[in-house]
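Survey of secondary and tertiary structure
Spelled out from the first residue to the last, the chains are:
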Amino acid sequence: NAGVTQTPKFRVLKTGQSMTLLCAQDMNHEYMYWYRQDPGMGLRLIHYSVGEGTTAKGEVPDGYNVSRLKKQNFLLGLESAAPSQTSVYFCASKPSSTDTQYFGPGTRLTVL
Amino acid sequence: TQLLEQSPQFLSIQEGENLTVYCNSSSVFSSLQWYRQEPGEGPVLLVTVVTGGEVKKLKRLTFQFGDARKDSSLHITAAQPGDTGLYLCAVEVGSGNTGKLIFGQGTTLQVKP
């Protein structure tokens, strides 16, 4: 039981490049979330999903897209990366019955 | 403007000291969560407080929810180096049981041996 895993762990992009971050959970959780964490700002919600095939915007969705084609996976895409998207990205999941979110180890993204 | 204001932002203390960190807001919440995040890892939920005035204890950590459910505190007794980390408070926002969380900016705690 791996919990929540994130791929890759580190990535460096040039401005304008695109990439996809993968989050996978093996706990059969219905809900999944993408956050970004910047110094002095805690975590901010980018997008979330309450079930397979559904997604919704969070607090800071601009510049990001997401997809939830399978229940266990939640993908975060950056179509044209900008230096302002340099951050640590965390994925989380939770069952619909509780309020406990389980976080992955994070992806550190640098956009030059 | 932050919905949740945490203080202090940084705290560096010696092993064995006591400390309190605060999470304040002008809004009322149905519940409030506390997380701890260690360097290079994701946050881990410590506790959820749901009732005004509620006190919960987790070993040397004591969590309190304000009577008006607008604020919370975390008190650590006899801090140890293993308590080092980022402490975050969070509340659920919006309707429909979506689990959308808003986090405070965090308190970074360093406990020196």
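The preceding data block contains the structure.
Residues numbered from 1 in each chain as written. Chains lettered and ligands numbered in written order. Predicted model: local features only at pLDDT ≥ 70, side-chain atom pairs only at ≥ 80, totals over all residues. Heavy atoms only, no water.

**Observations concerning the overall build of chain A**
In plain terms, the rule: Strands here mean DSSP runs of E at least two residues long; helices mean DSSP runs of H or I at least four residues long; both are numbered from the N terminus. Three labels apply to residues, based on accessible area from a 1.4 Å probe with only protein chains included: buried if under 20% of the type maximum, exposed if over 50%, partly exposed otherwise in between. Surface exposure here means Shrake-Rupley accessible area, sampled with a 1.4 Å probe, where a residue is shielded only by the protein chains that are shown.
Across its full length, chain A carries zero helices and 11 strands. Counting from the amino terminus, chain A carries its helices and strands in the arrangement β-β-β-β-β-β-β-β-β-β-β. Projected onto the principal axes, the alpha-carbon positions of chain A cover approximately 40 × 25 × 25 Å. Considering chain A as a whole, with its 112 residues, one finds that 47% of them fall into the buried category. Of the roughly 5,200 Å² of accessible surface on chain A, a fraction of 53% belongs to carbon and sulfur atoms.

**Describing the packing of aromatic side chains**
To be explicit about the condition: To pair, rings of Phe, Tyr and Trp, with the six-membered ring standing in for Trp, must have centres within 6.5 Å; the planes then decide the type, stacked if under 30 degrees apart, edge-to-face if over 60, and tilted in the middle.
This model, assessed by the stated rule, comprises nine aromatic pairs over all chains. On the numbers, 5.6 Å between centres and 90° between planes, the contact of Tyr35(A) with Phe103(B) is edge-to-face. Here Tyr35(A), found in strand 4 (residues 31-37), pairs with Phe103(B), found in strand 10 (residues 101-103), and the two come from separate chains. Classification of Tyr35(A) by relative accessible area gives buried; the value is 0%. Classification of Phe103(B) by relative accessible area gives buried; the value is 3%. Note on Phe103(A) and Tyr35(B): the rings are 5.8 Å apart at their centroids and 85° apart in plane angle, and the pair reads as edge-to-face. Linking Phe103(A) in strand 10 (residues 102-103) with Tyr35(B) in strand 4 (residues 32-37), this pair reaches from one chain into another.

**A few points about the side chain of Arg44(A)**
For clarity, the cut-off: Counting of polar contacts relies on pairs of N or O atoms within 3.5 Å, with two restrictions inside protein: one atom must be capable of donating a hydrogen and the other of accepting it, and residues adjacent in sequence are counted only when both atoms are side-chain atoms.
On the secondary structure map, Arg44(A) appears in strand 5 (residues 43-51). Of note is the side chain of Arg44(A), whose polar atom sits 2.8 Å from the side chain of Asp38(A).

**Digging into the state of the cysteines**
Residues and elements named next belong to chain B. Quick reminder of the rule: Sulfur atoms of two cysteines make up a disulfide when they are within 2.5 Å.
As enumerated under the stated definition, the model contains two disulfides over all chains in all. A disulfide bridge connects Cys23 with Cys89, and the sulfur atoms are separated by 2.0 Å. Because the sign of the S-S torsion sets the handedness, a value of about 75° for the bond joining Cys23 and Cys89 places this disulfide among the right-handed ones. Of this pair, Cys23 sits in strand 3 (residues 19-24) while Cys89 sits in strand 9 (residues 85-92), placing them 66 residues apart in sequence. In this structure, Cys23 and Cys89 share a single accessibility class: buried.

**Here's the deal with the sheet that holds strand 8 (residues 73-78) of chain A**
Residue and element names in this part refer to chain A. Convention followed: Following DSSP output, two strands are said to pair if at least two bridges run between them. Axis definition: a line fitted to C-alpha atoms, over the contacting stretch in the case of helices. Angles run 0 to 180 degrees between N-to-C directions.
As summarised here, the arrangement of the four strands in space is 1-3-8-7, forming an open sheet in which the pairing is antiparallel. Single-partner strands in this sheet number two, and they are strand 1 (4-7) and strand 7 (65-67). For this sheet, the mean inter-axis angle between neighbouring strands, taken without regard to orientation, is 20°. Bridge count for strand 7 against strand 8 is three bridges, and the pairing is antiparallel. Paired with Val66 across the strands is Leu76, a residue of strand 8.

**A few points about the interface of chain A and chain B**
To keep things clear, this is the line we draw: A contact between two residues is defined here by any heavy atoms of the two lying within 4.5 Å. What counts as buried area is the accessible surface, traced by a 1.4 Å probe, that two parts surrender upon association, with contributions from both included. The term salt bridge refers to a side-chain nitrogen of Lys or Arg lying within 4 Å of a carboxyl oxygen of Asp or Glu. Put simply, Ala, Val, Leu, Ile, Met, Phe, Trp, Tyr, Cys and Pro go in the nonpolar bin, Asp, Glu, Lys and Arg in the charged bin, and everything else, Gly too, in the polar bin.
With 21 residues of chain A at the interface, the matching set in chain B holds 20 residues. Interface of chain A and chain B: buried area, both sides summed, is about 1,600 Å²; carbon and sulfur atoms make up 52% of it. Considering only the surface of chain A that becomes buried against chain B, Leu43(A), Asp99(A) and Phe103(A) emerge as the three largest contributors, covering 29% of it. In this structure, the connection of chain A to chain B is made through zero salt bridges. On inspection of chain A and its partner chain B, the count reaches five residue pairs in polar contact (both at pLDDT 80 or more). Those elements that place two or more of their residues in the side of chain A that touches chain B are strand 4, strand 5 and strand 9 (87-94) of chain A. Considering only residue class, the side of chain A that touches chain B consists of 11 nonpolar, seven polar and three charged.

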